[in-house]
Amino acid sequence: DAKTTQPTSMDCAEGRAANLPCNHSTISGNEYVYWYRQIHSQGPQYIIHGLKNNETNEMASLIITEDRKSSTLILPHATLRDTAVYYCIVKGSGDDKIIFGKGTRLHILP
Amino acid sequence: DTAVSQTPKYLVTQMGNDKSIKCEQNLGHDTMYWYKQDSKKFLKIMFSYNNKELIINETVPNRFSPKSPDKAHLNLHINSLELGDSAVYFCASSQVSTGGIGYTFGSGTRLTVV
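Attention in this report is confined to the structure presented alongside it. Owing to the predicted nature of the structure, the values given are computational and were not obtained by experimental measurement.

## Looking at the overall build of chain B
Okay, step 1: Counting secondary structure elements, chain B contains zero helices and eleven strands.
Okay, step 2: By the compact-globule yardstick of 13 Å for 114 residues, chain B fits well, its C-alpha radius of gyration being 13 Å.
Okay, step 3: The principal-axis extents of the C-alpha atoms in chain B amount to approximately 40 × 30 × 25 Å.
Okay, step 4: Counting all 114 residues of chain B, 44% fall into the buried class.
Okay, step 5: Of the contacts made within chain B by residues no fewer than 6 positions apart, 54% connect residues no fewer than 24 positions apart.
Okay, step 6: Of the accessible surface of chain B, which amounts to about 5,600 Å², a share of 49% is contributed by carbon and sulfur atoms.

In structure tokens form, the structure reads like this:
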């Protein structure tokens, strides 16, 4: 079973920052937080991951709370092409598989 | 260059037939996976192979048989297809030996059993 809780859906206006929350209150010390997204009719795409510190790459930023029980994925300037299902996943470095939950369906509105 | 490629992209077949889906990755990863996404859009892992060795088999019916001729290929053969096998099947790969940071997925094979 997935170890994370996410809202079912969210809307965001084009050009604004999209902030996607995720709760992972049972996360263990050696488990990372990963974010993937799935655009309609495509395979899932890796976005970003982190352990304790905040992370940023060309796609997004990941903010992890100090107690590591929740995190937020930030798409700084959302475009229509960011409309997708976003999955927050907790995975240990020794785990041999990714378990997907239901994710958050993000709609970017023009 | 496509990192993880699956063929065919679409497959329509009758119940009872046997079919195969092929997957190839050119990333040099040591582990490959098959995931199934059903009509409710849940993504579930089916199999995982590490360097040609089966390491995950998630209670999948025996009609499904993965085969990995080398670490760059993982094929999925399905015998006696049933209506409930209709789904999108995704292949993925990762480099587990260095922590398996990010999985790279293929674009999927949409299987329709009629």
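## A look at the interface of chain A and chain B
Many structure descriptions define interface size as the accessible area lost when the parts assemble.
Okay, step 1: Taken together, the 17 residues of chain A in the interface contact 18 residues of chain B.
Okay, step 2: Summing the contributions of chain A and of chain B, the shared interface buries around 1,500 Å²; its carbon and sulfur component is 56%.
Okay, step 3: Of all residues in chain A, the largest losses of buried area upon contact with chain B belong to Asp96(A), Lys97(A) and Phe100(A), amounting jointly to 29% of the total for that side.
Okay, step 4: Residue Glu58(B) pairs with Lys97(A) through a salt bridge whose shortest N-O separation is 2.6 Å.

## Some points on the layout of surface pockets
Okay, step 1: A volume near 360 Å³ is recorded for the largest pocket.
Okay, step 2: As for the largest pocket, its lining consists of 21 residues, and the residues nearest its centre are Ile39(A), His40(A), Ser41(A), Gln42(A) and Lys41(B).
Okay, step 3: Contributions of two or more residues to the lining of the largest pocket are made by β8 (84–92) and β9 (104–109) of chain A together with β9 (87–94) and β11 (109–113) of chain B.
Okay, step 4: Tallied by class, residues from the lining of the largest pocket come to seven nonpolar, ten polar and four charged.

## Let's talk about the pairing of β9(B)
All names here are of chain B.
Okay, step 1: Counting buried positions along β9 gives eight out of eight residues, so the element sits mostly inside the fold.
Okay, step 2: By the alternation rule, side chains of β9 split into Ala87, Tyr89, Cys91 and Ser93 and Val88, Phe90, Ala92 and Ser94, which are all buried.
Okay, step 3: Bridging between strand β4 (residues 31–37) and β9 involves seven bridges; their strand directions are antiparallel. By the bridge assignment, lysine 36 is partnered in β9 with tyrosine 89.
Okay, step 4: The sheet contact formed by β9 and β11 spans three bridges and is antiparallel. Residue tyrosine 89 lies in a different strand from β11, and its bridge partner there is threonine 109.
Okay, step 5: When β9 meets strand β10 (residues 104–105), the two strands line up antiparallel, connected through two bridges. Bridge pairing links alanine 92 to phenylalanine 105 in β10.

Calculation rules
- Counting of residues starts from 1 at the beginning of each chain's written sequence and follows it residue by residue.
- A letter from A marks each chain and a number from 1 marks each ligand, given out in the order of writing.
- Only residues with pLDDT of at least 70 are given local features in this predicted model, and only at 80 or more are side-chain atom pairs given and counted; all residues enter the totals for whole chains, interfaces and linings.
- To obtain the side-chain values, all non-hydrogen atoms of the structure were included, while hydrogens and water were left out.
- Comment: elements are numbered from the N terminus, with helices defined as DSSP H or I runs of at least four residues and strands as E runs of at least two.
- Computation of the radius of gyration draws on C-alpha atoms alone. For the globule rule, the value is 2.2 Å times the number of residues to the power 0.38.
- The cut-offs for exposure are 20% and 50% of the maximum accessible area for each residue type, with area from a 1.4 Å probe on protein chains only; residues under the lower value are buried, those over the upper are exposed, and the others partly exposed.
- The contact criterion used is simple: two residues touch if any of their non-hydrogen atoms lie within 4.5 Å.
- Every accessible area reported is derived by Shrake-Rupley at a probe size of 1.4 Å, with residue values counting cover from the shown protein chains alone.
- Note on definitions: buried area is the accessible-area loss of two parts on being combined, 1.4 Å probe, summed for both.
- A pairing counts as a salt bridge when a side-chain nitrogen of Lys or Arg comes within 4 Å of a carboxyl oxygen of Asp or Glu.
- Here a cavity means grid points, on a 1 Å grid over the protein atoms only, where a 1.4 Å probe fits yet cannot get out; a pocket means an open set of points with protein on both sides within 12 Å along at least five of seven lines; lining residues are those with an atom within 4 Å of a point.
- Grid points are joined across faces, edges and corners, and a volume is the space filled by probe spheres set on the points.
- Just so you know the grouping, Ala, Val, Leu, Ile, Met, Phe, Trp, Tyr, Cys and Pro go in nonpolar, Asp, Glu, Lys and Arg go in charged, and all remaining residues, Gly too, go in polar.
- One bridge is not enough; two strands pair if DSSP finds at least two bridges between them.

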